[in-house]
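Topology and contacts: notes
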Amino acid sequence: MLYRTRCTAAAAALALTACLAGAVAGSASAASPAPQPAPPERGRSLALAAADQAASSGLDGLRHGPDEKLVRTSVTPWADGLFYTAYQRTYRGVPVHGGGDAVVLADSSGTVRNLAAAASPALSLSTRATVPAAAAAATARAQLASVEEATEPELTVLVKDGKGVLAWHVLVAGRTARNTPSGLDTYVDATTGKVVRATEKVRHADGRGYHNGNVTIDTAATSMTDTGRGSFKCGGQNGSAYTGSSPWGNGGANDLVTACVDIMYAAQRESDMLKQWFGYNGINGQGGMVPARAGLSEVNAYYDGTKTTYGRNQNGTMQLTGIDVVAHEYGHEIFDKTPGSSGSSNENGGMNESTGDIFGALTEHFANNPNDTPDYTVGEKLNFLGDNKPIRYMYNPSLANNDPNCYNQLSSGTEVHAAAGPQNHWFYLLAEGSNPGGGKPASPICAGGPSSVTGIGIQKAGKIFMGALLMKTSAWNHPAARKATLASAKNTYGSAECQAVKAAWDAIRVPAQSGETDCGGTNTPDFTLALDPTSGSAQPGASVTATVKTSTVGGDPQTVQLSASGQPGGVTVSFSPSSVTSGNAATMTVSVAAGTPNGTYPITVTGTGSATHSVTYTLAVGTTTPPTGCENTEYTYRGTLASGQSAAQPDGSYYWSATSGTHTGCLRGPAGTDFDLYLQKWNGSGWVNVAVSGTEGENEDISYNGSPGYYRYVIHAYSGSGAYTLGLSAP
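Here goes a summary of the coordinates provided. For clarity, every value in this text was computed on a predicted model and none was experimentally measured.

1. So, the packing of helix α8 (residues 458-469) against helix α9 (residues 478-492)
At a minimum axis separation of 8 Å, α8 and α9 run at an interaxial angle of 120°. Between α8 and α9, the angle falls in the class oblique. Classified by chirality, the crossing of α9 by α8 is right-handed. In this structure, α8 contributes Lys463, Ile464, Gly467 and Ala468 to the contact, and α9 contributes Ala484, Thr485, Ser488, Ala489 and Thr492.

This is the structure we're talking about:
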């Protein structure tokens, strides 16, 4: 192997995109090698470049301090060339939980369509833990009477009560002192050793397949495992998959192999529904799902973050493994594994429960099994509580325990299953309407809502909802869901579906939100803003430049006035021109007067038009100038990277080599740092490393004899920050 193992993560992350224009600082000193026609997945590359640039620039709610970064954690392709890109905030390299996470929706033309960000305070704290990880793990495990499994402690910054707390994060699964199942998401203060937050992740369902008849399921020849869905398996309470051969089960109401037939059938249909209806890759977004266990001796079914578990009904006459219950539990995994994960508030918990109910209804409709006909009730076939009634009614939640139908009926103390009511009600109204006919039940509209709501069908409603979950952050609540579903409807379908989403939210009394998507046939005029590069350095008495890019995202192009604020004394910022028509760019010049103190300074760049948007430029005063030593190469590129960052060259893109020959790369980084250099080639579906120089130092050199094709260099700052110079020559 030519390079250190630890180098590959950076290249793997950059391999997601073929064009990272927003990640690159600097410009070429000569004309670049011709890019030729774009390689495949150019649209994906442009979308990710736009999202990364928005994150790096700190666009609007994505703003972050100089010690913070937004690290891309997932990319989900969507309809019509859209891509959801999720980011986790880090502080001095430590992941931040409970705030600051974000999602950017961008299209294949490189335009940011929407973004969502959970608020996070300015962070200022030490990242040195004084409590050992082992001690924190012991404290977390002690919160339960018995522990089945626990994750390794992860050092995090937890946002709590408006400030950051350095904490060890441990997920512990087991049983409480009352012998109830628990999956405790635990944070232990890394300086005091005390538990600062413990959130219960177990989500209960209150309360030949037996339920579904003779069905086809995917298993291995001799065990109830499904390697096609991430090694999904079903077995007993010991965690092992049941063994045997097809046909599985005997159709008995309390035969546990039969229960696993029902579980695997429902979970596999749900996974198929996500792929076929929504284009989403299975339950966890990566083609897999957690394992399942049957045979719990309780009136319960739950998801705890590591598995789903299913018990029996109140009378002990059957197992709780109907389609809607199984799909409900795996709906919790969908909620957990989409951006923002599961929150700690009752409102967030209620929306998590509702998400399970929604996916239960979607899976029933997709499966269309005659033994469990599609409906909008929960557990109607299972006699959970011995009264032969469903445990929830999505079309009229008040029919069960007088649960709230309307958002304004919720309070902070509403029990989480009851708190599922408003969103369940919204989904039914969106899918079926207030008076659907055809034997489907009517659904009441909350006081002050529209006179009626017309449904758009469950498949469209489901895809809009799934798209909204991909915009979820840790601050998820009903108003955030309204904004996200409106954006999802408008971007996935259009004006009519967006208006239907709005009417359904109005019908349950979730009010309009500032900045929500305009559902009109023509877009409200709007623009977006980005910086390239997002940071730079200059000595006192010198200056540095960056490009301020704008694009039109709604309506006609408009005039955008540019301004800057927050710069320290001795630093002036000018723009040429001072205003642009959206879709055009301006040059920002940051001039540093002699005598300006060395340091790092955030500068806010604001664009003002029909709306106001801002980004952040990080200025380093007194840092080293770009190093020299690559003068004998054909092309030269310069930039600035902070520790942990990566950039692609030339100019965030790639070049085309029409003939075979030698590719030469020369990287010179800041003294005392560890910068690494990768040469990558497009293989028809992605970027792969063809040569790597990863010595433990600032200077790297590559010489590679390659065939014709698309190439690019990736520079990674493994440790240390500062300006670099890349020289390259191509055949």
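2. Some thoughts on the packing of aromatic side chains
For the structure on display, the rule yields 17 aromatic pairs. Measuring from ring centre to ring centre gives 6.1 Å for Phe359 and Phe465, while their planes differ by 50°; the resulting arrangement is tilted. Here Phe359 is found in helix α6 (residues 346-367), whereas its partner Phe465 is found in helix α8, with 106 residues between them in sequence. Take Phe359 and Phe465: they sit in the same class, and that class is buried. Linked through ring pairs, Phe359, Trp426, Phe427, Phe465 and Trp505 together constitute an aromatic cluster. The cationic tip of Lys460 hangs over the ring face of Tyr493; the distance from NZ or CZ to the ring centre is 5.2 Å. Above the face of the Phe335 ring, Lys472 is positioned so that its terminal group lies 4.3 Å from the ring centre.

3. Comments concerning the pattern of salt bridges
Where charged atoms of side chains with opposite charge meet at close range, the side chains can pair. Per the stated rule, a full pass over the model turns up 22 salt bridges. A salt bridge links Glu68 to Arg89; the nearest nitrogen and oxygen atoms lie 3.0 Å apart. Of the two residues, Glu68 sits in strand β1 (residues 68-77) while Arg89 sits in strand β2 (residues 82-91), which places them 21 residues apart along the sequence. Judged by relative accessible area, which is 8%, Glu68 ranks as buried. A salt bridge links Glu148 to Lys307, with the shortest nitrogen-to-oxygen separation between them at 3.4 Å. One connected set of salt bridges, linked through shared partners, spans Asp218, Asp226, Arg229, Arg269 and Asp272.

4. Description of α8
Its twelve residues give α8 an end-to-end C-alpha distance of 16 Å, which sits within 8% of 16 Å, the value for a rise of 1.5 Å per residue. Across the twelve residues of α8, ten count as buried, placing the element largely inside the fold. If you check which residues of α8 are buried, you get Ile458, Ala461, Gly462, Lys463, Ile464, Phe465, Met466, Gly467, Ala468 and Leu469.

5. Quick word on the sheet that holds strand β20 (residues 535-538)
Taken together, five strands build an open sheet; the order of strands is β20-β27-β26-β22-β24 and the sheet is mixed. The open sheet has two free edges, formed respectively by β20 and β24 (579-581), since each of these has just one partner strand. For this sheet, the mean angle separating the axes of adjacent strands, direction not counted, is 30°. Here strand β22 (residues 559-565) pairs with strand β26 (residues 599-608) via five bridges, running antiparallel. Across the sheet, the residue bridging to Ala564 is Val605, located in β26.

6. Notes on helix α7 (residues 421-432)
Helix length check: α7, at twelve residues, gives a terminal C-alpha distance of 16 Å against a target of 16 Å (1.5 Å per residue), a fit within 8%. Within α7, twelve of the twelve residues are buried, leaving the element largely enclosed by the surrounding structure. Those residues of α7 that sit buried are Gly421, Pro422, Gln423, Asn424, His425, Trp426, Phe427, Tyr428, Leu429, Leu430, Ala431 and Glu432. Contact partners of the buried residues in α7: α6, β18 (392-393), α8, α9 and α10 (495-507). Gly433 occupies a position one or two residues after α7 and carries a positive phi of about 90°.

The rules behind each value
Residues numbered from 1 in each chain as written. Predicted model: local features only at pLDDT ≥ 70, side-chain atom pairs only at ≥ 80, totals over all residues. Heavy atoms only, no water. Axes fitted to C-alpha atoms, helices over the stretch in contact; angles between N-to-C directions. Helix = DSSP H or I, 4+ residues; strand = E, 2+ residues; numbered from the N terminus. Parallel < 35°, antiparallel > 145°, perpendicular 65-115°, else oblique. Left-handed = near helix turned anticlockwise from the far one by under 90°. Contact = heavy atoms within 4.5 Å. Phe/Tyr/Trp six-rings, centres within 6.5 Å; stacked < 30°, edge-to-face > 60°. Buried < 20%, exposed > 50% of the residue type's maximum accessible area, 1.4 Å probe, protein only. Lys NZ or Arg CZ within 6 Å of the ring centre and 35° of its normal. Salt bridge = Lys/Arg side-chain N within 4 Å of Asp/Glu carboxyl O. Expected span 1.5 Å × (residues − 1). Pairing = 2+ DSSP bridges.

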